[in-house]
Amino acid sequence: MLKVRIMPTLLFKDFGLVKSIKFDSWRRVGSVMQAVKVYNMREVDELIFLDISASREGRSPDFETIDEIADECFMPLTVGGGVQTVTDVKRLLQVGADKVAINTAAVFTPELIQSAAQQFGSQCVVVSIDVTKTAVGIYEVFTHGGTQSSGKDPVTFAKEVEALGAGEILLTSIDRDGTMMGYDLEITKAITQAVSIPVIASGGAGNYQHLAEVLIEAGASAVTAASIFHFTEQTPLEAKRFLRTKGINVRL
């Protein structure tokens, strides 16, 4: 059985790290390099770095910045934001990313998933799915940093990207993002039951119990969080120790 991974998320916007609430109300939280060095010392399982303004602005990834980050990052690194072509994927892997997260392009050019998986292997292709629940209670996939509705059903879309060769799904609840109220167990469970590839739960973690709930009750394979590690005294290592008391297989 694969060990559950605990992964901090770094959100990059306009030359620095930020944290949001429901993909809005951006708050500065420091420098990228400082955060990477802290997580190196804390021996986290993986690190996720997302440039949240790249797709909104229609630009490619900042390869130079990723290269600098990768040089300092001593753990597996997933990079996303602005990925539009197979060349983007190739260059990110060349400058040090271990996995590449595809979000907006996964909706508009889904053949990119298949091409990237065929050329580089499914293990390094992560499809990032941002979801929100509409006023009528229907979940929808959003793109461009959570600003545009795609009209797509998240469960159906998750099945589609799995069939195209995605190795993992990074599922983020826009409604829970930054609220620290807990993950959206409903949509997470619906997607984990629909696909066989790992689903990384994101959006809403406020304490260690929230991590346990999404793993045990919703079937997530891994969890990522930001606010609890940026704004509280809680740490990835303590999270692992707590999860182990719940019978969850983690790497210590």
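Scroll up to find the structure.
Residues numbered from 1 in each chain as written. Predicted model: local features only at pLDDT ≥ 70, side-chain atom pairs only at ≥ 80, totals over all residues. Heavy atoms only, no water.

All right, on to unusual backbone geometry then. If you check the backbone angles, His 144 has positive phi at about 50° while not being a glycine. Take His 144: it is sitting in the loop between strand E8 (139–143) and strand E9 (148–149). The class for His 144 is buried, based on a relative accessible area of 16%. In this structure, Met 180 takes a positive phi of about 60° despite not being glycine. As for its placement among the helices and strands, Met 180 is situated in the loop between strand E10 (168–173) and helix H8 (185–194). (Helix = DSSP H or I, 4+ residues; strand = E, 2+ residues; numbered from the N terminus. Buried < 20%, exposed > 50% of the residue type's maximum accessible area, 1.4 Å probe, protein only.)

Among the five residues of E8, four are classified as buried, and the element is accordingly described as predominantly covered. Pairing between strand E7 (residues 125–133) and E8: four bridges, direction antiparallel. Each residue of the ladder has a partner; that of Asp 130, found in E8, is Phe 142. Between E7 and E8, which follow one another and run antiparallel, lie five residues, and Gly 137 among them has a positive phi close to 85°. Both E8 and E9 contribute to a ladder of two bridges, which runs antiparallel. Bridge pairing in E9 links Phe 142 to Ser 149. Hairpin remark: E8 followed by E9, antiparallel, with four residues in the connecting loop; positive phi at His 144, about 50°. (Pairing = 2+ DSSP bridges.)

Bringing the pairing of strand E4 (residues 47–51) into the picture now. For E4, a buried count of five out of five residues is recorded, marking the element as mostly surrounded by other parts of the structure. Residue alternation in E4 divides its side chains into two sets, Leu 47, Phe 49 and Asp 51 and Ile 48 and Leu 50, and both sets are buried. Pairing between strand E1 (residues 5–13) and E4: four bridges, direction parallel. For Leu 10, the partnering residue across the bridge sits in E4 and is Phe 49. With four bridges connecting them, E4 and strand E5 (residues 77–80) associate as parallel partners. Bridge pairing in E5 links Ile 48 to Thr 78.

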